[in-house]
Amino acid sequence: MQSTEPSESERAALEVVLTAHGLRAAGPAERVSAGTLNRNFRVPIEGGAVFARCYRPELPAERIRHEHAITRWVADRGIPAIAPRSLAGGETVIEVGAERWSLFPWVLGRMPVRGAITASEAESIGTIHGRTQQALAEHPGSPGANWATLSGEIAWNTARSLAVLAEVEARASADRTPRVPRAVLEALRFQRELLENGAARPIDSIGELPCQLLHGDFHDQQVLLGAEDAVVAVVDWELTRAAARIWELVRALSFSQVLETDLLAHYLRGFRRHVTLSEEECREGIELWWQTRLHGTWVYAAYFLEGNERVAPFLEETDRHLRRFADERWRREIADRLILGSRPDGA
């Protein structure tokens, strides 16, 4: 991961956070480039280093504390989650001005290279993903989670998606700089035409799906690997919530760029040791993922409307993925492979 020096205000905030924990920097802090929402830093201290996070401003402190509690809960059950350091009174969130900071132990490990994951890495990541879902199924937040309730939380709105795309298209078309290639305009047009021409389905057309508490943002860039490709840390639990477990699995496979490759079988070989999926769950999960992607506008809105240029690498990937999944026959093939790989005797 590449890193850069923090700003003067960030250095001042880091000093406040370290002092609160009774620590002092033993060298210059470095910005860690991973992550698109929060600001992260590696700070050397005597005898090692710590990981400092400045949370995005709109994230409430109570939501951060909830994330920290979940992290501790799964860590106590053998999941390699990194719990934050606590102050003397147990507090894990430090407010510096209008910003909220937390401090974590620094874990030595390497992040998988997206798009170049090996079979061994895929199986290792799939194994820890399955273990994580298995552990969270026992969390007090899982009983009572059901599709009838949770489907309303992720329900898409075709009219709203079209409105956002129209705003993005207008902004992108008016931007005469080289940052808006013709391919991006074509991608926006393609998604809009799919939504306008009947590809959208209502959420209640998706069959009943098993739900539970989940990591919420699990994928290859949320783990650190150690010797022999073992997962030494599962990070970024900010989006922990109850949802359909197949939704998280397909999302992780897609974001890790293994869903459409031979690595799918290796990932599922690890995952199925801990979680058993039914054929119906797999098929409905693919359709659920397709509809959420079809209606998804986050990447475009973040880049063109919010000015978040860190998501730029996802623009081309978003279009490419949407075009593949627009093919119904392709979705059936992926579902068949998902079913096969989820069986106890799968590939």
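Each chain carries its own residue numbering, running from 1 in the direction its sequence is written. Reporting in this predicted model follows two pLDDT cut-offs: at least 70 for local features of residues, and 80 or more for side-chain atom pairs to be given and counted; totals over whole chains, interfaces and linings ignore these cut-offs and use all residues. The side-chain quantities take in all heavy atoms of the structure and omit both hydrogens and water.

Draft legend 1. Summary view of the environment of Ser102. Secondary structure elements follow DSSP: runs of H or I of four or more residues count as helices, runs of E of two or more count as strands, with numbering from the N terminus. On the secondary structure map, Ser102 appears in strand E6 (residues 99-105). With 62 residues separating them along the chain, Ser102 and Asn40 place their C-alpha atoms 9.9 Å apart. Note on contacts: a residue pair qualifies if any of its non-hydrogen atoms lie within 4.5 Å across the two residues. The contact partners of Ser102, leaving out residues within four places of it in the chain, are Phe51, Ala52, Arg53, Tyr55, Ile64, His68, Thr92 and Val93.

Draft legend 2. Spatial organisation of the side chain of Arg331. For Arg331, the location among the structural elements is in helix H12 (residues 328-342). Those residues in contact with Arg331 that sit more than four places away from it in its chain are Ile286, Glu287, Trp290, Phe325 and Ala326.

Draft legend 3. Broad picture of unusual backbone geometry. Located in the positive-phi region is Glu228, a residue other than glycine, with phi close to 55 degrees. Relative accessibility decides the category of a residue: with a 1.4 Å probe and only protein chains considered, values under 20% of the type maximum give buried, values over 50% give exposed, and everything between is partly exposed. Take Glu228: its relative accessible area is 79%, and that puts it in the exposed class. With a phi angle near 55 degrees, Asp236 is a residue other than glycine that sits in the positive phi range.

Draft legend 4. Region of interest: the side chain of Thr132. Within the element layout of this structure, Thr132 appears in helix H3 (residues 119-136). Residues contacting Thr132, with those up to four places away along its chain left out, are Ile79 and Trp237.

Draft legend 5. Highlighting the packing of aromatic side chains. Pairing of aromatic rings covers Phe, Tyr and Trp, the last through its six-membered ring, and needs centres within 6.5 Å; plane angles under 30 degrees mean stacked, over 60 mean edge-to-face, and all others mean tilted. This structure, assessed with the given rule, holds 5 aromatic pairs. Here the aromatic rings of Phe41 and Trp101 are separated by 5.7 Å at their centres, their planes lie at 25 degrees, and the arrangement is stacked. Note that Phe41 is positioned in strand E3 (residues 39-45) and Trp101 in strand E6, a separation of 60 residues in sequence. With 5.8 Å between their ring centres and 70 degrees between their planes, Phe255 and Trp289 make a pair best called edge-to-face. Placement of Phe255 in helix H7 (residues 245-255) and of Trp289 in helix H9 (residues 279-295) is noted, with a sequence separation of 34 residues between them. On the basis of relative accessibility, which here comes to 3%, the residue Trp289 falls in the buried class. Only lysine NZ and arginine CZ atoms are considered, and such an atom sits over a ring when it is within 6 Å of the ring centre and within 35 degrees of the ring normal. Positioned over the ring face of Trp73 is Arg77, at 3.7 Å from the centre of the ring.

Draft legend 6. Highlighting the nonpolar core. Definition used in this section: a nonpolar core is a set of buried Ala, Val, Leu, Ile, Met, Phe, Trp, Tyr and Cys residues joined via side-chain atoms within 4.5 Å. If you look at the biggest cluster of nonpolar residues, it comprises 77 residues, and the most contacted ones within it are Trp147, Leu249, Leu288 and Leu338. Per element, the largest residue contribution to this core is 7 residues, and it comes from H7. Here Leu288 is in contact with Trp147, Ile154, Trp156, Ile203, Ile206, Leu209, Ala244 and Trp247, once residues within four sequence places are set aside. Val17, Phe41, Ile94 and Leu103 belong to the second-largest nonpolar core, a separate cluster that totals 16 residues.

Draft legend 7. Focus on the packing of helix H6 (residues 182-196) against helix H11 (residues 313-325). Lines fitted to the C-alpha atoms define the axes, with helices restricted to the stretch that makes contact. Angles between their N-to-C directions range from 0 to 180 degrees. Orientation of H6 relative to H11, taken along the N-to-C sense of each, is 35 degrees, at an axis distance of 10 Å. Taken as a pair, H6 and H11 cross one another with a handedness that is left-handed. Across the interface between the two elements, Glu186, Ala187, Phe190, Gln191 and Leu194 from H6 touch Asp319, Leu322 and Arg323 from H11. Residues were grouped as follows: Ala, Val, Leu, Ile, Met, Phe, Trp, Tyr, Cys and Pro as nonpolar; Asp, Glu, Lys and Arg as charged; and all remaining residues, including Gly, as polar. By residue class, the composition of the contact of H6 with H11 is 4 nonpolar, 1 polar and 3 charged. Here a crossing is called left-handed whenever its near helix is offset anticlockwise from the far helix by less than a right angle, and right-handed whenever the offset is clockwise.

Draft legend 8. Broad picture of the environment of Ala326. When you line up the elements, Ala326 lands in the loop between H11 and H12. Along the backbone, Ala326 and Arg293 are 33 residues apart, and their C-alpha atoms lie at a distance of 9.9 Å.

Draft legend 9. Fine view of helix H5 (residues 158-174). Expected span, for any helix, means 1.5 Å times one less than how many residues it has. Helix length check: H5 (17 residues) gives 24 Å between terminal C-alpha atoms against 24 Å at 1.5 Å per residue, within 8%. Along H5, the residues classified as buried are Ser161, Leu165, Val168, Glu169 and Ala172. Across the axial projection of H5, the buried residues extend over an arc of 105 degrees, all falling on one side. Opposite the buried face of H5, by more than 90 degrees, sit the exposed residues Ala159, Arg160 and Ala174. On its buried side, H5 packs onto H6, H9 and helix H10 (298-305). Contacts described as polar in this section are N or O atom pairs within 3.5 Å, which, within protein, must combine one atom able to donate a hydrogen with one able to accept it, while residues neighboring in sequence count only if both atoms come from side chains. Sitting at the head of H5, Asn157 places a side-chain oxygen 3.1 Å from the backbone nitrogen of Ala159. The reported arc concerns the directions from the helix axis to the C-beta atoms and nothing else.

Draft legend 10. Layout of the pattern of salt bridges. Any Lys or Arg side-chain nitrogen located within 4 Å of an Asp or Glu carboxyl oxygen qualifies as a salt bridge. Summed over the entire model, instances satisfying the criterion amount to 26 salt bridges. The residue Glu279 makes a salt bridge to Arg283 at a minimum N-O spacing of 3.5 Å. Residue Glu279 and its partner Arg283 are located together in helix H9, separated by 4 residues, close to a single helical turn. Residue Arg283 is classed as partly exposed on the basis of its relative accessible area of 32%.

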